[in-house]
Amino acid sequence: MFDKLEAVEKRYEEITKMISDPEVIANQSEWQKLMKEHASIEEIVLKYREYKKTKQTMEEAEEMMQDKELKELAEAEFYEAKEKLPKIKGSLDNDCLIVGSDQVWNPSYLKNTPYLLDGYDDCKRISYAASVGVDSLTKEQANSFEKALKHYRAISVREQSAKDFLQPLTNTDIKVVLDPTLLLDRATYEQIEKRPKDIGENESYVLCYILGDENGKVAINEFATQNKCRIIMFSDKTGSNYGVEEFLYLIHHAKLICTDSFHACVFSFIFERPFVVFKRKGKSNRMYSRLEHFLKVFRLGGREFNSDSITEKNLLVDYTVGKRILEQKREKSTEFLRKALELSDESR
């Protein structure tokens, strides 16, 4: 366990330096990814440092106890640290580790991340809605997955395509479950959302959230002009001052959402807002399987941009069938987690 913690701490120190590098900051896409990774491991690193400091205090106090003049003070420090140490270690130990979901198993990212949970031999491992982000694996990548998946107690993925090429690599039955964001209902997100300061209360706007190339820019401009809407455009390239709360508001209250983002589509669906999906170009299009799966599962055909213009038809939404499917899949996805956790407890 401690070897893994040392590796995590080393990675944390590397990222801390990188996020202060002007060149990295200039690349907003890379900087944001590093900031997310930094935040995700910060708590465990701080707890591990607390453990090391407490252990060092106990060891130094034990040595000082040999000195008659310092013995009384040293004993107090020693027993205080000795009582504290097991509690800190307990918070570092894990009976079960769950990994998920958005692209955590994308082979492009796995080289520098621990999301296959390799080496955690003392923990039960579960994946929830792990997304691979691609539609095929190389032989080398498949070998890595096969080796790691042997140690999982329960496996679930987000897309059917991921199950199709991962199932032959394991004897564990892989389930396809909902993205975690779909486990919560609309009312929950409405309590979180917050209107950005630069958006009027009743302002009409088109939200353009494009992560790849800005396809359909002419069509978006024409639609906004015809409908007298402001265009709010942000991406990894341009950066954004909007946080999660503002992001939710912008989707919930948009006249139309134009996007190539999986989660922009998810929240458009949750808030029952009209949206148009744009395919990314080049290598980025390999990730489109995520969106294809989402649109197919919830019967959202006709949402893809396949023409030169955006019309009033794109504003028509009827998510009745999709919402019924969502309720059914919420039950099955929650049941997967319950059973997976019960299985983990029984096998201890």
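Our structure's up above, just so we're on the same page.
Residues numbered from 1 in each chain as written. Predicted model: local features only at pLDDT ≥ 70, side-chain atom pairs only at ≥ 80, totals over all residues. Heavy atoms only, no water.

So, the overall build of the chain
At step 1: Helix and strand counts for the chain come out as 13 helices and 8 strands.
At step 2: In the chain, which comprises 348 residues, the proportion classed as buried is 42%.
At step 3: Contacts spanning at least 24 positions in sequence make up 71% of the contacts within the chain whose residues lie at least 6 apart. (Helix = DSSP H or I, 4+ residues; strand = E, 2+ residues; numbered from the N terminus. Buried < 20%, exposed > 50% of the residue type's maximum accessible area, 1.4 Å probe, protein only. Contact = heavy atoms within 4.5 Å.)

Digging into the pattern of salt bridges
At step 1: Using the criterion set out here, one finds 20 salt bridges in the structure.
At step 2: The partner of Glu-14 in a salt bridge is Arg-11, and the shortest N-O contact between them spans 3.5 Å. One end of the pair, Glu-14, and the other, Arg-11, are both in helix H1 (residues 2-18), 3 residues apart, so they sit about a helical turn from each other.
At step 3: Two residues, Lys-55 and Glu-59, come together in a salt bridge whose shortest N-O distance is 2.8 Å. Within this pair, Lys-55 and its partner Glu-59 are both found in helix H3 (residues 28-64), separated by 4 residues, close to a single helical turn.
At step 4: Take Glu-59: its relative accessible area is 37%, and that puts it in the partly exposed class. (Salt bridge = Lys/Arg side-chain N within 4 Å of Asp/Glu carboxyl O.)

Notes on the sheet that holds strand E7 (residues 256-259)
At step 1: Here we have 4 strands laid out as an open sheet, ordered E6-E5-E7-E8, and parallel in their pairing. The open sheet is flanked by strand E6 (230-234) and strand E8 (275-277), the only strands paired with a single partner. In this sheet, neighbouring strand axes are inclined to one another by 15° on average, regardless of whether the strands run parallel or antiparallel.
At step 2: As judged from the 4 bridges shared by strand E5 (residues 205-209) and E7, these two strands associate in the parallel manner. What sits directly across from Val-206, in E7, is Leu-256.
At step 3: Taken strand by strand, helix H9 (residues 217-226) contacts E5, E6 and E7, and its axis lies near 165° from that of E5. (Pairing = 2+ DSSP bridges. Axes fitted to C-alpha atoms, helices over the stretch in contact; angles between N-to-C directions.)

Some details on the pairing of strand E3 (residues 152-157)
At step 1: Of all 6 residues in E3, 5 are buried; the element is thus mostly enclosed.
At step 2: Sheet topology note: the strand E2 (residues 124-130)/E3 ladder contains 4 bridges and is parallel. Within the sheet, the bridge partner assigned to Ile-126 lies in E3 and is Ala-154.
At step 3: Between the parallel pair E2 and E3, the chain is carried across by helix H6 (residues 139-149), and the sense of this crossover is right-handed.
At step 4: In terms of strand pairing, E3 meets strand E4 (residues 174-176) through 3 bridges, oriented parallel. Opposite Ser-156, over in E4, you have Lys-175 as the bridge partner.
At step 5: In this region the chain leaves E3, passes through helix H7 (residues 160-166) and returns to the parallel neighbour E4; the handedness of that crossover is right-handed. (Right-handed = clockwise from strand over helix to strand, strands pointing away.)

Brief notes about the nonpolar core
At step 1: By size, the foremost hydrophobic cluster in this structure holds 43 residues, and its most contacted members are Leu-182, Leu-207, Phe-275, Phe-294 and Phe-298.
At step 2: At the level of secondary structure, the elements contributing two or more residues to this core comprise E2, E5, E6, helix H10 (244-252), helix H11 (262-270), E8, helix H12 (288-297) and helix H13 (320-346).
At step 3: Considering every element that reaches this core, the biggest residue donor is H11, with 7 residues.
At step 4: Those residues in contact with Leu-207 that sit more than four places away from it in its chain are Ile-232, Phe-234, Leu-250, Ile-251, Ala-254, Leu-256, Ile-257 and Cys-258.
At step 5: Counting residues in hydrophobic clusters, the runner-up holds 22 residues, among them Trp-105, Leu-117, Leu-149 and Phe-165. (Core = buried A, V, L, I, M, F, W, Y, C linked by side-chain atoms within 4.5 Å.)

As for the packing of H1 against H3
At step 1: The N-to-C vectors of H1 and H3 enclose an angle of 130°; their axes lie 9 Å apart at closest approach. Taken together, the axes of H1 and H3 lie oblique to each other. Handedness of the H1/H3 crossing: left-handed. Mapping the contact onto sequence places Phe-2, Leu-5, Glu-6, Val-8, Glu-9, Arg-11, Tyr-12, Glu-13, Ile-15, Thr-16 and Met-18 in H1 and Leu-34, Glu-37, His-38, Ile-41, Glu-42, Ile-44, Val-45, Tyr-48, Arg-49, Tyr-51 and Lys-52 in H3.
At step 2: Its residues assigned to classes, the contact of H1 with H3 comprises 12 nonpolar, 2 polar and 8 charged. (Parallel < 35°, antiparallel > 145°, perpendicular 65-115°, else oblique. Left-handed = near helix turned anticlockwise from the far one by under 90°. Nonpolar A, V, L, I, M, F, W, Y, C, P; charged D, E, K, R; others polar.)

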